[in-house]
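Overview (structure and organization)
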Amino acid sequence: NAGVTQTPKFRILKIGQSMTLQCTQDMNHNYMYWYRQDPGMGLKLIYYSVGAGITDKGEVPNGYNVSRSTTEDFPLRLELAAPSQTSVYFCASRGLAGALEQYFGPGTRLTVT
Amino acid sequence: GESVGLHLPTLSVQEGDNSIINCAYSNSASDYFIWYKQESGKGPQFIIDIRSNMDKRQGQRVTVLLNKTVKHLSLQIAATQPGDSAVYFCAEKSGTASKLTFGTGTRLQVTL
């Protein structure tokens with residue numbers, strides 16, 4: 001049981017480039033989330049999904065897109081990368097019932113130059 | 001808007017002492033609170049949670065206290081160890097079951 005996995009661990013992008021951050025969970029969790037964490041700050045919600053085929057915007061969705069075609073995968077797409085998107089990105093998931101805690105992946109450190 | 005915040009950005013504690021990390025929240029409708037620990041270069045790790053119908057919850061070496069009257073949450077760590085050095089976040093849930101709002105975090109430094 002690997003939990004939540006994210007790839008890549010690190011990435012450097014040039015302004016205007018695009019990329020997809022991958023997130024996979026093997027806990028059969030319905031809810032999945034994408035957060036960004038800027039230096040010395042807390043986590044801000046970008047997008048979330050309550051199940052396959054359903055996504056919704058969080059607090060800071062501009063510049064990002066997501067899809068949820070399967071329960072396991074929740075990729076985050078950056079189109080036209082900007083320096084303001086330099087951050088650490090965390091994916092999280094939680095189950096449908098019971099405890100509300102979210103389980104986090106190890107993060108992807110993205111630098112846009 | 002409503003937000004979760006922390007009183008102390010950095011807390012330095014001697015090994016073996018007890019640590020208390022505080023968190024103030026402003027949304028009186030919040031019904032669930034959670035503490036996470038984040039070590040350098042890693043994702044947040046769940047420590048303990050508490051629902052708003054409780055005042056106190058204990059785990060292994062950790063206790064969370066909730067004071068709804070003054071909208072205050074605290075995390076107590078007993079016999080603090082070097083491995084406890086990390087950034088600690090509180091988060092709250094209000095409204096829909098999906099989303100948590102995170103505070104900015106407190107860095108706990110354990111000195112020998």
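Residues numbered from 1 in each chain as written. Chains lettered and ligands numbered in written order. Predicted model: local features only at pLDDT ≥ 70, side-chain atom pairs only at ≥ 80, totals over all residues. Heavy atoms only, no water.

**A few points about the interface of chain A and chain B**
Of the residues lining the interface, 21 residues belong to chain A; the matching set on chain B comes to 20 residues. With both chains or domains summed, chain A and chain B bury close to 1500 Å², and 59% of this area falls on carbon and sulfur atoms. Our count for the contact surface shared by chain A and chain B stands at zero salt bridges. At the boundary of chain A and chain B, one finds three residue pairs in polar contact (both at pLDDT 80 or more). Of all the elements in the fold, those that place two or more residues in the side of chain A that touches chain B are strand S4 (31-37), strand S5 (43-51) and strand S9 (87-94) of chain A. (Contact = heavy atoms within 4.5 Å. Buried area = accessible area lost by both parts, 1.4 Å probe. Salt bridge = Lys/Arg side-chain N within 4 Å of Asp/Glu carboxyl O. Polar contact = N/O pair within 3.5 Å; in protein donor to acceptor, adjacent residues only side chain to side chain. Helix = DSSP H or I, 4+ residues; strand = E, 2+ residues; numbered from the N terminus.)

**Some details on the pairing of strand S3 (residues 19-25) of chain A**
All names here are of chain A. The two faces of S3 differ: Met19, Leu21, Cys23 and Gln25 on one face are buried, but Thr20, Gln22 and Thr24 on the other face are not. For S3 and strand S8 (residues 76-78), the ladder comprises three bridges, and the chain directions are antiparallel. Within S8, the position partnered with Thr20 by the bridge is Arg77. (Buried < 20%, exposed > 50% of the residue type's maximum accessible area, 1.4 Å probe, protein only. Pairing = 2+ DSSP bridges.)

**Focus: the state of the cysteines**
Residues and elements named next belong to chain B. Applying the stated criterion to the full structure yields two disulfides over all chains. Between Cys23 and Cys90 runs a disulfide, and the two sulfur atoms are separated by 1.9 Å. A torsion of 55 degrees about the S-S bond marks the disulfide between Cys23 and Cys90 as right-handed. Here Cys23, found in strand S3 (residues 19-25), pairs with Cys90, found in strand S9 (residues 86-93); they are 67 residues apart in sequence, far enough to count as distant. Given the relative accessible area of 1%, Cys90 is considered buried. (Disulfide = S-S within 2.5 Å.)

**Looking at the sheet that holds strand S7 (residues 64-66) of chain A**
Residues and elements named next belong to chain A. The four strands are arranged S1-S3-S8-S7 in an open sheet whose pairing can be described as antiparallel. Since the sheet does not close on itself, it has two edges, and those belong to strand S1 (4-7) and S7, each with one partner. For this sheet, the mean angle separating the axes of adjacent strands, direction not counted, is 20 degrees. (Axes fitted to C-alpha atoms, helices over the stretch in contact; angles between N-to-C directions.)

**Details of the nonpolar core**
By size, the foremost hydrophobic cluster in this structure holds 20 residues, and its most contacted members are Ile21, Trp35, Leu73, Leu75, Tyr88 and Leu108 of chain B. Ile21 of chain B has contacts with Leu11, Trp35, Leu73, Ser74, Leu75, Tyr88, Thr106 and Leu108 of chain B, leaving out every residue within four places of it along the chain. (Core = buried A, V, L, I, M, F, W, Y, C linked by side-chain atoms within 4.5 Å.)

**Let's talk about the pattern of salt bridges**
On inspection of all chains with the given rule, the structure shows seven salt bridges over all chains. Between Arg36 of chain A and Asp38 of chain A there is a salt bridge, with its nearest N and O atoms 2.9 Å apart. A relative accessible area of 12% means that Arg36 of chain A is categorised as buried. The residue Lys42 of chain B makes a salt bridge to Glu39 of chain B at a minimum N-O spacing of 3.8 Å. Among the residues examined, Lys42 of chain B registers a relative accessible area of 46% and is labelled partly exposed. Residue Glu39 of chain B is classed as partly exposed on the basis of its relative accessible area of 28%.

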